[in-house]
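Close look at the chain arrangement
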Amino acid sequence: MKIKVMTVFGTRPEGIKMAPIIKVMERVPEIENTICVTAQHREMLDQVLNLFDIDPDYDLNIFKPGQTLTEITMRALEGLEEVIKKVQPDILLVQGDTTTVFSGALAAFYQKVKVGHVEAGLRSGNLYSPYPEEANRMLTGILADFHFAPTQTNKDNLLREGYPEEKIFITGNTVIDALKYAVKDDYEFDLPLLNQIDFKEKKVILLTSHRRENIGKPMENIFSAVRDITLKHENVDVVFPIHLNPRVREIAYRVFEGNNRVHLIEPLDYEPFTNLMARVHLVVTDSGGLQEEAPSLGKPVLVIREETERPEGIEAGTAKLVGTSYDKIYDEMDLLLSNQEEYNKMANAVNPYGDGKASERIVDIILKHGVNRK
Ligand code: UD1
Ligand code: UDP
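Now for a quick tour of the structure.

Definitions and cut-offs
- Residues numbered from 1 in each chain as written.
- Chains lettered and ligands numbered in written order.
- Predicted model: local features only at pLDDT ≥ 70, side-chain atom pairs only at ≥ 80, totals over all residues.
- Heavy atoms only, no water.
- Near = heavy atom within 4 Å.
- Polar contact = N/O pair within 3.5 Å; in protein donor to acceptor, adjacent residues only side chain to side chain.
- Areas by Shrake-Rupley, 256 points an atom, 1.4 Å probe, with all protein chains shown as cover.
- Helix = DSSP H or I, 4+ residues; strand = E, 2+ residues; numbered from the N terminus.
- Nonpolar A, V, L, I, M, F, W, Y, C, P; charged D, E, K, R; others polar.
- Phe/Tyr/Trp six-rings, centres within 6.5 Å; stacked < 30°, edge-to-face > 60°.
- Buried < 20%, exposed > 50% of the residue type's maximum accessible area, 1.4 Å probe, protein only.
- Salt bridge = Lys/Arg side-chain N within 4 Å of Asp/Glu carboxyl O.

1. Let's talk about the site of ligand 2
- If you check the shell around ligand 2, you find 18 residues, and the closest are Arg12, Leu268, Ser287, Gly289 and Glu293.
- Between ligand 2 and the protein, one listed contact pairs a nitrogen atom with a backbone N or O atom of Leu268 at 2.7 Å.
- In the model, an oxygen atom of ligand 2 is placed 2.7 Å from a nitrogen or oxygen of the Gly289 main chain.
- In the complex, the protein chains occlude 95% of the 540 Å² of accessible area that ligand 2 would expose alone.
- Breaking the shell around ligand 2 down by element, the ones donating at least two residues are α1 (12-26), α11 (270-277) and α12 (288-296).
- In terms of residue count, the dominant contributor to the shell around ligand 2 is α12 (4 residues).
- A class-by-class count of the residues in the shell around ligand 2 yields 8 nonpolar, 6 polar and 4 charged.

Here you go:
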């Protein structure tokens, strides 16, 4: 009898990190996988589905502009109950820390379906930063039967919280699996702007920012520091693919108005985005996924947050946690742009997040343990 897996995801990063697992499962005859997207994100998710050629069996299409956390949770829970009842999976897989992840785990629990949590055990130690992701992760952990921890640090976090060791598996992060699929030496961009930038002559900064706790004053500080650094360093250009959140867009358009060296562009599809990251000089971000991708591409990352649940990149020396004050962000960018030695210290390709085989490990574990309904 086949193992019935149901994969649930809803946002861009979940799609990127779940796709390699789906691809491995497609090759395994003992597994029957049903894909259900909540579509908490719409355009940003659809580009991932297209790239990885994933055709969901169920699409809850819950996205609404300006959606609140309560609305996402309610719509996802409601839609998932129906699908889980129909599919009757042996195990439901969720990935990461979004509201779709928590809702997916809770919906499975309500139907007494086992939960596999991919990217388990990340902790910042502050329930409000990242918000609401830290809570989503912890709540999902409570409901999970399989904790797929990317690193030893993540496993240690779970052990400290009292989770039994036999339920925790160190697998690496599937983000590296996806990255290997996407980054190519001879990649050519469709967007003319990106083909026109001379990545060798210019020092290009890749900027992304979307965290809820940064929206408002912190984001104004971040963007102002980036704007002002282009005034000091004439050979610096900035590329900022802006998240579709209108609250982020409003601040970006206002702060960067009239600055023609900061290129505000639409979110890029995953393939051009990662190939852009592979070519830039420096990454400035509050994204979780970028903190994992940049070290493996040897790009220094300034993490514009007060806390991170991804200390591995910092310990490896490729990432630096710089907070959200204007002065600190400006000074840290200035240092890396002015001092080659400091830059070289950080620009080492290290891979604390895995070897690109996390998905195979996760699928092997599912096969080995078999899964029966409770
Ligand atoms: C969500 C996750 C966050 C993750 C991020 C990845 C939650 C609470 N947050 O944050 O953990 O890091 O995704 O990007 O789960 N929008 C669109 N089209 C889209 C996607 C978003 O227009 O395809 C706009 C909408 O106005 C939406 C807003 O962005 O209301 C915010 O989207 P939402 O999913 O609520 O939160 P994110 O900030 O994207
Ligand atoms: N990404 C993308 N296009 C963009 C910006 C990011 O494809 O314009 C990818 C990026 O490579 C990473 C993921 O989206 O894999 C990160 O998503 P995001 O920063 O939105 O969420 P987080 O990782 O912070 O949850």
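2. Examining the packing of aromatic side chains
- Counted under the stated rule, the structure contains 13 aromatic pairs.
- Their ring planes at 35° and their centres at 6.2 Å tell us that Phe52 and Tyr270 sit as a pair that is tilted. Of the two residues, Phe52 sits in the loop between α2 (43-51) and β3 (58-59) while Tyr270 sits in helix α11, which places them 218 residues apart along the sequence. With respect to class, Phe52 is no different from Tyr270; both count as buried.
- Pairing Phe223 with Phe256 gives two aromatic rings, centres 5.4 Å apart and planes at 35°, and the pair type is tilted.

3. Some points on the pattern of salt bridges
- Considering all chains together, one arrives at 28 salt bridges under this definition.
- Here Arg42 makes a salt bridge to Asp46, at a shortest N to O gap of 2.7 Å.
- Judged by relative accessible area, which is 18%, Arg42 ranks as buried.
- Between Glu292 and Arg310 there is a salt bridge whose closest N-O contact spans 2.5 Å.

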